[in-house]
Amino acid sequence: MFTGLVEEVGSVEKLERLDNAVRLTVRGPKVTSDAQTGDSIAVDGVCLTVVECSDGVFSADVMQETLDRSRLGSYEIGSQVNLERALAAGARLGGHIVQGHVDGVGVLLARESTTHWDVLRFFLPKDLSRYVVEKGSIAVNGTSLTVSAVGEDFFEVSLIPTTLAETTFGELSDGEPVNLEVDVVAKYVEKMVGGYHRSL
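Residues numbered from 1 in each chain as written. Predicted model: local features only at pLDDT ≥ 70, side-chain atom pairs only at ≥ 80, totals over all residues. Heavy atoms only, no water.

## Concerning the UniProt feature "domain: Lumazine-binding" (unreviewed entry) in the protein
And then number 1: Sites flagged by UniProt as "domain: Lumazine-binding" (unreviewed entry) map to residues 1-96 and 97-193.
And then number 2: In residues 1-96, helix accounts for 6% and strand for 46%; the two terminal C-alpha atoms are 10 Å from one another.
And then number 3: Between the end C-alpha atoms of residues 97-193 there is a gap of 21 Å, over a span that is 16% helix and 41% strand. (UniProt positions renumbered as here; feature names shortened; annotations may be inferred. Helix = DSSP H or I, 4+ residues; strand = E, 2+ residues; numbered from the N terminus.)

If you want it as structure tokens, here you go:
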């Protein structure tokens, strides 16, 4: 489990194409400082298992299912990625509960920059729209964000300078894809309410 608080921006060092999979190698000195084989690290919000780790670099195997459901398949050497280690027991939950299980891919539609913050508008896939509410939480590229506005096929977030500087959002361009994970609580509520109505 993660909190959506990005610890550092890493970079893709190597992409090894395998049968229906990719071995991804990422440089991230902070997240690898105490990492061991078998640990979980979120890469742009995708929970990956460390298979090798040394000298500030770790590798993880990404199966086809993950490539199909996320933007990981579009990475190139040098791509910048948000990184976060799994939440330690007893640590503060500063963001929201993020599983690292991407629900879909959105796209940056527009950016409005002001003196003190940027407003980013993202395309929202139709099958995810029912889980996104104004002032609710959503993970975008692994970053826990508060929804400031929502429509039928879009949502907006307002990002302060610190978030822009310490994540990949400061350099994100219009048309770029992003990984989306909706609040898992919303999905559980939907299932429980649906079961309740069926039992009436």
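Here the narrative resumes.
## Details of the side chain of Ser-59
And then number 1: Its place among the elements puts Ser-59 in strand S5 (residues 57-63).
And then number 2: Within polar-contact distance, the side chain of Ser-59 engages the side chain of Thr-25 at 2.8 Å.
And then number 3: In contact with Ser-59, not counting residues within four places along its chain, are Arg-23, Leu-24, Thr-25, Thr-49, Val-50, Val-51 and Glu-52. (Polar contact = N/O pair within 3.5 Å; in protein donor to acceptor, adjacent residues only side chain to side chain. Contact = heavy atoms within 4.5 Å.)

## With respect to the packing of aromatic side chains
And then number 1: One pass over the full model with this rule turns up 1 aromatic pair.
And then number 2: Seen from their ring centres, Phe-122 and Phe-155 are 5.4 Å apart, and the 25° between their planes marks the pair as stacked. Note that Phe-122 is positioned in strand S8 (residues 118-123) and Phe-155 in strand S11 (residues 154-159), a separation of 33 residues in sequence. Phe-155 shares its class with Phe-122; the two are buried.
And then number 3: Positioned over the ring face of Phe-154 is Arg-121, at 3.7 Å from the centre of the ring. (Phe/Tyr/Trp six-rings, centres within 6.5 Å; stacked < 30°, edge-to-face > 60°. Buried < 20%, exposed > 50% of the residue type's maximum accessible area, 1.4 Å probe, protein only. Lys NZ or Arg CZ within 6 Å of the ring centre and 35° of its normal.)

## Some points on the pattern of salt bridges
And then number 1: All chains considered together, the criterion is met by 11 salt bridges.
And then number 2: A salt bridge links Asp-118 to Arg-111, with the shortest nitrogen-to-oxygen separation between them at 3.1 Å.
And then number 3: Assessed through its relative accessible area of 25%, Arg-111 is described here as partly exposed.
And then number 4: The salt bridge partner of Glu-190 is Arg-130, with a shortest N-O separation of 2.5 Å. Here the residue Glu-190 occupies a position in helix H3 (residues 184-199), and Arg-130 occupies one in the loop between S8 and strand S9 (137-140), the gap between them amounting to 60 residues.
And then number 5: The exposed category is assigned to Arg-130, whose relative accessible area is 51%.
And then number 6: In the salt-bridge network here, residues are joined through shared partners; they are Glu-7, Asp-34 and Arg-85. (Salt bridge = Lys/Arg side-chain N within 4 Å of Asp/Glu carboxyl O.)

## A short note on the sheet that holds strand S6 (residues 80-85)
And then number 1: An order of S1-S2-S5-S4-S3-S6 is seen for the 6 strands of this closed barrel, with the pairing classed as antiparallel. For this sheet the average axis-to-axis angle between neighbouring strands, irrespective of direction, equals 45°.
And then number 2: Note: strand S3 (residues 40-43) against strand S4 (residues 46-54), 4 bridges, orientation antiparallel. The residue of S4 that forms the bridge with Ser-40 is Thr-49. (Pairing = 2+ DSSP bridges. Axes fitted to C-alpha atoms, helices over the stretch in contact; angles between N-to-C directions.)

## So, the sheet that holds S11
And then number 1: In spatial order, the strands read S7-S8-S11-S10-S9-S12; together these 6 strands close into a barrel with antiparallel pairing. Recorded for the sheet is a direction-independent mean angle of 45° between the axes of neighbouring strands.
And then number 2: As judged from the 4 bridges shared by S9 and strand S10 (residues 143-150), these two strands associate in the antiparallel manner. When the bridges of S10 are listed, Ile-138 appears paired with Leu-145.

## Looking at the environment of Val-119
And then number 1: By the secondary structure assignment, Val-119 is in strand S8.
And then number 2: Separated by 37 residues in sequence, Val-119 and Glu-156 have C-alpha atoms that sit 6.6 Å apart.
And then number 3: In this structure, Val-119 is in contact with Ala-110, Arg-111, Glu-112, Glu-156, Val-157 and Ser-158, ignoring residues within four places of it in sequence.

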